Amino acid sequence: MQLKPLLRKFGPKPHIAESPYLSLVSQTSSPGMNFKVDIAKTNYYVVASVEMGNTTTKCILTATNLETGKTYLLNKTVKMSRDVRDPKPGEDVFGKTLDGRKLTRNSVGEMVQNNLLESLKAVNLSVENDLNFVVRSTGVVAGFDSPDDVGEFILALADGCIQAKVPPKNMCPAMNKDNILARIRPYSFLDKVYFDGAVASTLPPVGSSGVEIVANEMEGELATAGIKEAAKWADVDFRNPCCSIDFGTTLKGRVTNDDVPYSKTVGSFCGLAGAIPDAIVRGSGIVDKKYGNVLDVTEKYKPGVITEVLKDKVIEDYAKMAHELVQIEVVPEGRKWYGSVPVNPKAAKTNGVVLIGCEVGENGKDLPRLNAVGEEVYKKHGIQTMLATLDMTSAMIAYRLLKTALDNQLISGKTAIGITGRAGITGNKPYLIVEKIGSLGIYDNPNDNVVFCDDGLARGAAVMARCMNSFGTPKHPMGGRRGGKCILADRMKLQNKK
């Protein structure tokens, strides 16, 4: 038993995609600045991903080389969502974060505006001259009455972008190729194919936008697209059929089939993810009991392999204790929320989507009971063992989600699996998850079919921006089947028929 942690560390290394940082010189910068690439003379497409989640609010700037399709990071500006200002008198509260912070359209807009401007300023870029596109998304769906209410939040995010002077044309698809900036116009295929809703060759659930099924479907869509781009850095062919899981505070992701030119969404994930280890940590007493989270701890401490070797059995026992409170299943019909996320299982069934959820009590009401796990493991064994328990707990969630997908015939040995989000990629989770996937018995070599990446959602924002304006890379395709060719010709045939 004690050899397993060593085998994880010294066995095959999981495929973890990490994009390098790139420095661009603004078109308005003074000559002689010490930057590597002049933005005015390149084929880089600069996109801002603006996202407000339950735990963090981010603005992540990326630059995609339109020749190779690879995306580079320019800057990350990350704030804690708990720091959003309180509602002012007269402001309507339209939602709240999972830990109860109340949100108004103005407070969200202000936080987004400040984050976007701070992120651009950090790399000496400007909204007016250097930013090509902005994609907005949110994982804050707790407290919403229905999946459709997420629209109000997206409008609040748009308000913040407009207040930061982002032109509306930089938040929606170009009508034709002439509307695209001359510098990057040659890389667009908008004169051959138009944006028809498929992002990275995957359609949302048939007959809908997907939001009718689960409130954070757009996040699942972006995470899937982002993992497809990230996989290019990790030598894994993460095309269709694929399964993406985003372990943010809430759970999102999707499963696709291998239809061509566009795959269909046949499965979707919802419910709780990072909120589960957050609840465990709050029991330790070393973070705020209401707003504290794992990020407050991992800034200072990291799990160690020696701890895993000496206390492997203890770690597994505490993870199993936590999982006694965790339900993972196909979301039952009749549920309006699942793990705080507004859902519509009936719409999922109608649209041929299997909705798989992760829950702690009904709608998360038993999350506080997980405090006891954190309290005991921390008092008896210390912080390193507690962190290792969090890793094992997340790995077991991944295993149970994938086992449910397998039991419902959504995945097979042909399926690529992608993991993103803080509760799925940090610490020793990648090693543990690959080990758990191996126990499913569907791959000869699990490691060749699994990829991990940070900021899947932000990467997906860059991919969506490209798809909206038909910036394809036929020599380095992102769409189509694993091992297959570019689908540009097939898309042209399909759209000509329409």
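Here, the structure is the one placed above.
Predicted, not measured: the structure shown is a model, and the values here were computed from it.

A. Examining the pattern of salt bridges more closely. A full pass over the atoms with the stated rule returns 27 salt bridges. Among the ionic pairs, K58 bridges to D455, the shortest N-O distance being 3.6 Å. Residue K58 is found in strand β5 (residues 56-65), and its partner D455 is found in the loop between β19 (450-453) and α15 (456-468); the two are separated by 397 residues along the sequence. Exposure remark for D455: the relative accessible area of 13% places this residue in the buried category.

B. Just the sheet that holds β5, in detail. Ordered by their spatial adjacency, four strands build an open sheet running β6-β5-β4-β9, and the pairing between neighbours is mixed. If you trace the sheet from one side to the other, it starts and ends with β6 (71-80) and β9 (133-138), each paired once. Sheet twist, expressed as the average angle between the axes of neighbouring strands with direction ignored, equals 15 degrees. The sheet contact formed by strand β4 (residues 44-52) and β9 spans six bridges and is parallel. When the sheet's bridge partners are listed, V47 is paired in β9 with F133.

C. Representation of the environment of N216. Looking at the secondary structure, you find N216 in the loop between β10 (202-203) and α5 (217-230). With 76 residues separating them in the primary sequence, N216 and V140 have C-alpha atoms 8.2 Å apart. For N216, the contacting residues outside a window of four places in its chain are T138, V141, T250, L251, K252 and V341.

D. Representation of the nonpolar core. Counting residues in each nonpolar core, the largest one holds 57 residues, and the members touching the most others are I245, F247, I276, L370 and L401. No other element matches helix α12 (residues 383-407), which puts 13 residues into this core. Those residues in contact with L401 that sit more than four places away from it in its chain are I245, F247, L251, F269, I328 and I356. Grouped together as the second largest cluster of nonpolar side chains are 34 residues, Y44, V50, Y72 and C161 included.

E. Just α12, in detail. The terminal C-alpha atoms of α12 lie 36 Å apart, and with 25 residues this matches the ideal 36 Å at 1.5 Å per residue to within 8%. Note on α12: the residue one or two positions beyond its end, Q409, has a positive phi of about 60 degrees.

F. Representation of the side chain of T415 in the model. Position of T415 among the secondary structure elements: in the loop between α12 and β18 (416-420). A distance of 3.0 Å separates the side chain of T415 from the backbone nitrogen of S412, its partner in a polar contact. Once residues within four sequence positions are removed from consideration, T415 is found in contact with P241, C242, C243, L410, Y443, N449 and R482.

G. Region of the structure containing the state of the cysteines. Applying the stated rule across the entire model yields zero disulfides. Among the cysteines around C270, which has no disulfide bond, C358 carries the closest sulfur, lying 9.2 Å off. For the unlinked cysteine C453, the closest cysteine sulfur is that of C242, found at 12 Å.

H. Representation of the packing of aromatic side chains within the structure. For the structure on display, the rule yields four aromatic pairs. Judged by centre distance (5.3 Å) and plane angle (80 degrees), the rings of Y72 and W233 are edge-to-face. Taken as a pair, Y72 in strand β6 and W233 in the loop between α5 and β11 (242-247) lie far apart in primary sequence, 161 residues in all. Given a relative accessible area of 17%, Y72 falls into the buried group. Its relative accessible area of 23% is what places W233 among the partly exposed residues. Taking 5.4 Å as the distance between ring centres and 90 degrees as the angle between the ring planes, the aromatic pair formed by F94 and F153 counts as edge-to-face.

I. Quick look at α15. The terminal C-alpha atoms of α15 lie 18 Å apart, and with 13 residues this matches the ideal 18 Å at 1.5 Å per residue to within 8%. By the criterion of burial, α15 is predominantly enclosed, with 13 of the 13 residues buried.

J. Representation of the packing of helix α2 (residues 105-122) against helix α4 (residues 150-163). Contact geometry for α2 and α4: axes closest at 7 Å, N-to-C directions at 45 degrees. In terms of their interaxial angle, α2 and α4 are classed as oblique. When you trace α2 past α4, the crossing you get is right-handed. Here R105, V108, G109, E110, V112, Q113 and L116 of α2 come into contact with α4, specifically with E152, F153, L155, A156, L157, D159, G160, C161 and Q163. Considering only residue class, the contact of α2 with α4 consists of eight nonpolar, four polar and four charged.

K. Up close: the pairing of strand β17 (residues 354-360). Along β17, six of the seven residues are buried, which leaves the element largely enclosed by surrounding structure. Two elements, strand β13 (residues 263-271) and β17, share five bridges in a ladder whose sense is parallel. Across the sheet, the residue bridging to S268 is L355, located in β17. Inspection of the sheet shows strand β14 (residues 326-330) paired to β17 by five bridges, in the antiparallel sense. Among the inter-strand pairings, Q327 is bridged to a residue of β17, identified as E359.

What counts, and at which threshold
- Residues numbered from 1 in each chain as written.
- Predicted model: local features only at pLDDT ≥ 70, side-chain atom pairs only at ≥ 80, totals over all residues.
- Heavy atoms only, no water.
- Salt bridge = Lys/Arg side-chain N within 4 Å of Asp/Glu carboxyl O.
- Helix = DSSP H or I, 4+ residues; strand = E, 2+ residues; numbered from the N terminus.
- Buried < 20%, exposed > 50% of the residue type's maximum accessible area, 1.4 Å probe, protein only.
- Pairing = 2+ DSSP bridges.
- Axes fitted to C-alpha atoms, helices over the stretch in contact; angles between N-to-C directions.
- Contact = heavy atoms within 4.5 Å.
- Core = buried A, V, L, I, M, F, W, Y, C linked by side-chain atoms within 4.5 Å.
- Expected span 1.5 Å × (residues − 1).
- Polar contact = N/O pair within 3.5 Å; in protein donor to acceptor, adjacent residues only side chain to side chain.
- Disulfide = S-S within 2.5 Å.
- Phe/Tyr/Trp six-rings, centres within 6.5 Å; stacked < 30°, edge-to-face > 60°.
- Parallel < 35°, antiparallel > 145°, perpendicular 65-115°, else oblique.
- Left-handed = near helix turned anticlockwise from the far one by under 90°.
- Nonpolar A, V, L, I, M, F, W, Y, C, P; charged D, E, K, R; others polar.

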